[in-house]
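For reference, the chains in residue letters:
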Amino acid sequence: MKRLTRLMTGLACAAGIAAAPGHQALAAQVTLHVWTIDFENLNQYMFPLAKEFEKLHPDIKIDVKHVQFSDMNNDLARASITGDAPDVSYIDNPYIDLFRSRGLLLNLAPMIAKSKVIDLSKFYPGPLAAVKYGDKVYGIPRGANTLALYYNADMFKAAGLDPNKPPQTWPELYADAKKLTNPAKHVYGIAFSAVASEEGTFQFLPWIQMAGGDYDKLNTPNDVKALEFWQKLIDQKLASPDTLVRSQFDSTATFNAGNAAMVISGPWELPRMSKDAKFDYRVALLPTMTEGSPRVSALGEGDNVILKQSKHPKQAFEFLEYLNAQMPRVWNEWGFLPAERVTVQNPKWPADYKVFLAALKTARVRGPSPQWAQISQAIQTAIQSALTHQATAKQALDTAQSQVESIINQ
Amino acid sequence: MRGFGAFRDGRGFDITLVTLALAYLFVFAALPMLYTVVMSLQKIDMFTLGTLNRPFVGLRNYERVLHMPQAWRIARNTGIFVALSVLFQLLIGLALAMFFQQEFPGGSTLRGLFLAGWVMPALVVGAIWRWLLAGDFGVVNYLLASTGIVHNHIFWISDPHVALYSVIIANIWLGIPFNMLLLSVGLAAIPGDVYEAAAIDGAGRFSRFVFITLPLMRATLGAVVALSIIFTMQQYDLFAALTQGGPSNSSNVAQYWSWQLSFETYDISGGSVVAVLMIIVVILVAAIYVRSTRLEQRV
C-alpha cells in the first residue's frame with residue numbers, strides 16, 4: 001500500500017511535469033506514515049492533529065494508521081525488519097529503550113537543539129527520562145498519565161472517616177480500608193490491579209520505589225514490606241482476590257459501581273467515572289510508606305518517535321514540533337496530563353487535575369532497560385506468587401531479583 | 001486419438017496427483033515445522049527475525065527454557081489439562097452419544113443443538129465462562145452460594161489452586177459435542193443384530209456394553225482420544241480469555257507459554273523450543289491415531 005502510494009505520487013508528479021513542460025514542477029508532496037494507538041472514531045489525539053497539520057502544511061500529507069496498543073511493539077519490530085516502518089510512531093514509554101538499543105530510532109537531539117518549539121528543559125523529569133539517554137533524545141513525550149488514589153467521600157462519611165483527610169501513609173490506608181470494608185454490602189475497602197500484565201507492574205512499581213527499591217533492587221527488607229502490604233490487603237479481604245485478574249479498568253469499574261471504597265488508578269478514568277459514579281468521589285496522592293518518606297508515582301502514556309528508516313526526517317520533525325506545541329490541549333481534549341510545564345486554560349475537573357499533576361512530578365519511568373518486557377514479567381510473577389501465597393513475599397522477590405539480574409547481565 | 005481419459009489412466013497423472021499433494025504438505029506443513037525446529041536452534045528474537053544475523057547455538061535454547069523456574073510446573077499443568085479434558089470429554093461424550101442412541105421424539109434435533117457450543121469461537125466461550133466464573137459477582141458463585149453449597153465464594157480465576165481446573169471445565173464443555181458426534185457415528189456403525197443375538201444369549205445391558213460396545217468401538221475410541229489430545233494441546237483461546245495462564249503460571253500450559261515467550265517477551269527461540277517439544281508429543285499421538293484408523297479399516 002505504502003509502495004503503491006509512493007508509486008502513484010511519483011506517477012502524478014511525472015504526469016504533471018509531462019503536462020506542463022518547461023514549468024517548474026510543484027514542490028513534491030511528501031507523505032508521512034504515522035502509527036498510533038489512537039482511535040479514529042473517537043477523534044483521539046493523532047487523527048485530529050494530523051488533519052490540522054496538513055492544513056498548515058499543504059506539501060505534507062499525513063497517513064495515520066491505528067495499531068492496537070498490545071500489537072504496537074510487535075508490529076513496529078516486524079515492520080522495521082522488512083523496511084515498512086512508518087516515519088513517526090507512538091511507543092509506550094518503557095519500550096523506548098528496546099527500540100533505541102536496536103538502533104531503530106532517530107536521535108532527535110541535533111534537531112531539538114535548533115528547534116524553536118521543543119524545549120527539553122520544560123519537561124518533567126519522569127517523561128524526559130524515558131526518552132533521553134545521555135545527550136541523545138529518542139522521542140518526544142506526547143503527554144503523560146500517572147496513578148493516584150480515588151476515594152468515595154460518601155462512604156468515608158458513612159464509616160465515620162473525614163472525607164477531607166484521605167490516608168497519607170500506608171498504615172493509614174490500611175486502617176481506612178479496614179473501616180470501609182463491608183462484606184455484607186459487598187464493599188471492599190480498596191481496589192487496585194495486580195494483574196499479570198504490564199498493568200500489574202505499572203501499579204506495583206511505585207510501591208517498591210516508595211520503599212526505596214526499584215526494578216533492579218527488588219528484595220531489600222523494605223521492598224519485602226511493600227509486597228507484604230499488598231498481601232495483607234488481599235489476605236484480609238480488604239481488596240478482592242480477583243484483584244489478581246482484574247485490569248485497572250475492571251478494578252475501577254467496581255469502584256464506580258460502589259463495590260470498592262477506594263481505587264488506585266489514573267486520570268484516564270475521569271470521563272467514565274463522571275458518568276458512572278453516582279457519589280462524591282475525590283482524588284488524593286498515593287500514600288507514602290511512612291510519614292515523610294518519599295512519594296513516587298507511576299509514569300504512563302507514550303512518546304512520539306521518528307524511525308531511523310524515515311526518508312523524511314525533516315518533515316517528520318516538523319510534525320513532532322506541531323504535536324508538541326499542542327501540549328496545553330492534551331488534558332481537556334484527550335485526558336492526558338501535559339508532560340511539560342505548560343499553562344492549561346480552564347482545566348476540566350480542576351481539583352483532580354491538580355492532584356494528578358502533583359503526582360506526575362513524582363512519576364518515574366519504568367526501567368529503562370532494553371529487556372523491559374522480561375523484567376516486567378519477572379516482577380508480575382513475584383507479585384502474583386506472593387499474593388497467592390505460593391511463595392512468601394521475600395522468596396518471591398528474591399526469585400524476581402535474581403531473574404532480573406540474569407536478564408540484565410545477559 | 002489419445003484423449004484426456006488416456007491421460008487420466010496413465011502413470012503421469014498419478015505422479016502429478018502425488019506431487020501436488022506432497023507439494024502442498026511440504027509448503028504448508030513441513031516447511032513451517034522445519035522452520036520452527038531451525039529457529040529453536042538459533043539465537044533469535046523479534047528484531048533479528050527477518051535478518052540473517054541469527055547464529056546457531058545448538059541445544060542451548062532447550063537447556064535455557066527447561067531450566068526456567070516455571071518450566072516443570074507448566075509441563076505438569078499441560079499434562080493435567082490434557083488428561084482431565086480428554087477423559088471427561090470422552091466419558092460425557094460417550095454417555096451422551098448412548099443417550100441419543102435411544103430413539104425418542106426430537107432426539108436427533110436435540111443432538112444437533114448440542115453442536116451449538118462446539119461451533120462457537122473459543123474466545124467467545126472463554127469470555128462467557130470468565131463472566132460466569134467471576135469471583136465476586138459471578139453467576140456460578142451466586143448459584144452455589146444461594147443453594148448453600150458453598151459459604152465463601154470460590155475465586156475460580158484468581159485462586160491458584162482452582163484456576164487451571166476452571167479452564168479445564170470450560171474446555172470439557174467445549175469439547176463434549178465433538179466427542180459425542182464422533183462416538184455417535186461409531187455406535188451407529190455397530191450392527192443391531194449383534195446386540196439382538198447377545199440379548200437372546202442372555203447378556204444384560206452391562207455385559208452388552210462391556211463385551212460388545214466397547215470392543216467394537218475400540219478403533220473409534222482410539223481415534224477420538226487421539227484427536228481430542230491434539231485439539232486440547234492446541235487450545236490457546238480459552239487461556240487467553242480466561243486466566244492468561246495466571247495467577248503466577250498456576251494455570252499456564254505449554255501452548256500458551258510458547259506464545260508468551262515469542263510475542264510477549266520477544267524470545268522467539270524460547271517460544272520455538274516449547275513449540276518443538278509439543279510437536280514431538282503431537283507426532284507421537286498422531287502415530288497412535290494413524291494406527292487406530294488402520295485398525296478401523298481392518299474391522
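Criteria and thresholds
- Residues numbered from 1 in each chain as written.
- Chains lettered and ligands numbered in written order.
- Predicted model: local features only at pLDDT ≥ 70, side-chain atom pairs only at ≥ 80, totals over all residues.
- Helix = DSSP H or I, 4+ residues; strand = E, 2+ residues; numbered from the N terminus.
- Buried ≥ 20, exposed ≤ 12 C-beta atoms within 10 Å, placed from the backbone.
- Contact = placed C-beta atoms within 7 Å.
- Rg over C-alpha atoms; globule rule 2.2 N^0.38 Å.
- pLDDT = per-residue confidence, 0-100.
- Pairing = 2+ DSSP bridges.
- Axes fitted to C-alpha atoms, helices over the stretch in contact; angles between N-to-C directions.
- Nonpolar A, V, L, I, M, F, W, Y, C, P; charged D, E, K, R; others polar.
- Domains from an automatic or database assignment.
- Parallel < 35°, antiparallel > 145°, perpendicular 65-115°, else oblique.
- Left-handed = near helix turned anticlockwise from the far one by under 90°.
- Core = buried A, V, L, I, M, F, W, Y, C linked by C-beta atoms within 7 Å.
- Expected span 1.5 Å × (residues − 1).

**With respect to the overall build of chain A**
(1) Moving on: Counting its secondary structure elements, chain A contains 17 helices and 12 strands.
(2) Moving on: Taken along the three principal axes of its C-alpha coordinates, chain A extends 85 × 50 × 35 Å.
(3) Moving on: Relative to its full complement of 410 residues, chain A shows a buried share of 49%.
(4) Moving on: At a minimum sequence separation of 6, the contacts of chain A that also span at least 24 residues come to 73%.

**Considerations on the overall build of chain B**
(1) Moving on: Helices and strands together make up the secondary structure of chain B, namely 14 helices and zero strands.
(2) Moving on: When its helices and strands are written in sequence order, chain B yields α-α-α-α-α-α-α-α-α-α-α-α-α-α.
(3) Moving on: Its C-alpha atoms give chain B a radius of gyration of 24 Å, clearly above 19 Å, the size a compact globule of 299 residues would have.
(4) Moving on: Counting only C-alpha atoms and orienting by the principal axes, one finds that chain B spans roughly 85 × 75 × 30 Å.
(5) Moving on: Burial statistics for chain B: of 299 residues in total, 34% are counted as buried.
(6) Moving on: In chain B, the share of contacts with a sequence separation of at least 24, taken over all contacts with a separation of at least 6, comes to 70%.

**Overview of the confidence of the model for chain A**
A low pLDDT score tells you not to read the predicted coordinates there in detail.
Residue and element names in this part refer to chain A.
(1) Moving on: Taken as a whole, chain A shows an average pLDDT of 90; of its residues, 93% reach a score of 70 or greater.
(2) Moving on: Counting interchain partners and residues more than four positions distant, the pLDDT-below-50 stretch residues 1-5 has three contacts.
(3) Moving on: Here residues 7-25 scores under 50 on pLDDT; set against residues more than four positions off or in separate chains, the count is seven contacts.

**Quick notes on the sheet that holds strand S7 (residues 148-152) of chain A**
Residues and elements named next belong to chain A.
(1) Moving on: An order of S8-S7-S9 is seen for the three strands of this open sheet, with the pairing classed as antiparallel. The sheet is open, and its two edges are formed by strand S8 (262-265) and strand S9 (281-284), each paired on a single side. With strand direction ignored, the average angle separating the axes of adjacent strands in the sheet is 25 degrees.
(2) Moving on: The pairing of S7 with S8 spans four bridges and is antiparallel. Directly across from Leu149, in S8, lies its bridge partner Ile264.
(3) Moving on: Contacts from helix H15 (residues 350-360) reach S7 and S9 within the one sheet, and its direction differs from that of S9 by about 25 degrees.

**With respect to the interface of chain A and chain B**
(1) Moving on: Facing the 22 residues of chain A at the interface are 24 residues of chain B.
(2) Moving on: Sort the elements by how many residues they give to the side of chain A that touches chain B and helix H16 (residues 372-387) of chain A lands first, with six residues.
(3) Moving on: For the side of chain A that touches chain B, the per-class residue count stands at seven nonpolar, 13 polar and two charged.

**Some points on the environment of A:Pro241**
(1) Moving on: Within the secondary structure, A:Pro241 sits in the loop between helix H10 (221-235) and helix H11 (248-256).
(2) Moving on: Taking the C-alpha atoms as reference points, A:Pro241 and A:Leu387, separated by 146 residues in sequence, lie 8.7 Å from one another.
(3) Moving on: In contact with A:Pro241, other than residues within four places in its own chain, are A:Ile234, B:Gly135, B:Phe155, B:Ser158 and B:Asp159.

**Brief notes about the domain arrangement of chain A**
All names here are of chain A.
(1) Moving on: Taken as a whole, chain A is organised into domain 1 (2-145 + 301-364) and domain 2 (148-298 + 371-408).
(2) Moving on: Using only C-alpha atoms to locate each centre, domain 1 and domain 2 end up separated by 33 Å.
(3) Moving on: With 16 residues of domain 1 at the interface, the matching set in domain 2 holds 16 residues.
(4) Moving on: Only helix H4 (96-101), H15 and strand S12 (363-364) provide two or more residues apiece to the side of domain 1 that touches domain 2.
(5) Moving on: It is H15 that provides the largest number of residues to the side of domain 1 that touches domain 2, a total of five residues.
(6) Moving on: A class-by-class count of the residues in the side of domain 1 that touches domain 2 yields 10 nonpolar, three polar and three charged.

**Quick word on the packing of helix H4 (residues 71-101) of chain B against helix H8 (residues 163-188) of chain B**
Residues and elements named next belong to chain B.
(1) Moving on: At a closest axis distance of 6 Å, the pairing of H4 and H8 adopts a crossing angle of 40 degrees. Taken together, the axes of H4 and H8 are oblique relative to one another. Relative to H8, the crossing made by H4 is right-handed.
(2) Moving on: Broken down by class, the residue content of the contact of H4 with H8 amounts to 18 nonpolar, nine polar and no charged.

**Let's talk about the environment of B:Ser258**
Residue and element names in this part refer to chain B.
(1) Moving on: Of note, Ser258 is situated in helix H13 (residues 254-264).
(2) Moving on: Judged by the 23 C-beta atoms lying within 10 Å of it, Ser258 falls in the buried class.
(3) Moving on: Along the backbone, Ser258 and Phe100 are 158 residues apart, and their C-alpha atoms lie at a distance of 39 Å.
(4) Moving on: Apart from the residues within four sequence positions on either side, Ser258 is in contact with Gly271, Val274 and Ala275.

**Some details on the nonpolar core**
(1) Moving on: Of all hydrophobic cores here, the largest spans 174 residues; its most connected members are A:Ile190, A:Leu227, A:Met262, A:Val263 and A:Ile306.
(2) Moving on: Per-element accounting of this core gives the leading share, 12 residues, to H8(B).
(3) Moving on: Formed jointly, this core draws a minimum of three residues from each of two domains, domain 1 (2-145 + 301-364) and domain 2 (148-298 + 371-408) of chain A.
(4) Moving on: Ignoring sequence-local partners within four residues, the contact set of A:Ile306 consists of A:Asp87, A:Val88, A:Leu106, A:Leu108, A:Pro313, A:Ala316, A:Phe317 and A:Leu320.

**Structural notes on helix H11 (residues 218-233) of chain B**
(1) Moving on: In this model, H11(B) (16 residues) spans 23 Å end to end at C-alpha, consistent with the 22 Å of a helix rising 1.5 Å per residue.
(2) Moving on: By the burial criterion, the buried members of H11(B) are B:Ala219, B:Thr220, B:Ala223, B:Val224, B:Ala226, B:Ser228, B:Ile229, B:Thr232 and B:Met233.

**Topic: H16(A)**
Because the α-helix completes a turn every 3.6 residues, residues three or four places apart line up on one side.
All names here are of chain A.
(1) Moving on: The end-to-end C-alpha distance of H16, which contains 16 residues, comes to 22 Å, matching closely the 22 Å that a straight helix rising 1.5 Å per residue would cover.
(2) Moving on: Among the 16 residues of H16, 16 are classified as buried, and the element is accordingly described as predominantly covered.
(3) Moving on: The first or second residue beyond H16 is His389, which carries a positive phi of 55 degrees.

**Some details on the confidence of the model for chain B**
Residue and element names in this part refer to chain B.
(1) Moving on: Summarising the model, chain B shows a mean pLDDT of 86, and 95% of its residues fall at 70 or more.
(2) Moving on: Mean pLDDT in chain B bottoms out at helix H1 (residues 4-9), which sits at 61, and peaks at H4, which reaches 93.
(3) Moving on: Across the whole predicted complex the pTM is 0.83, and at the interface the ipTM reaches 0.75.

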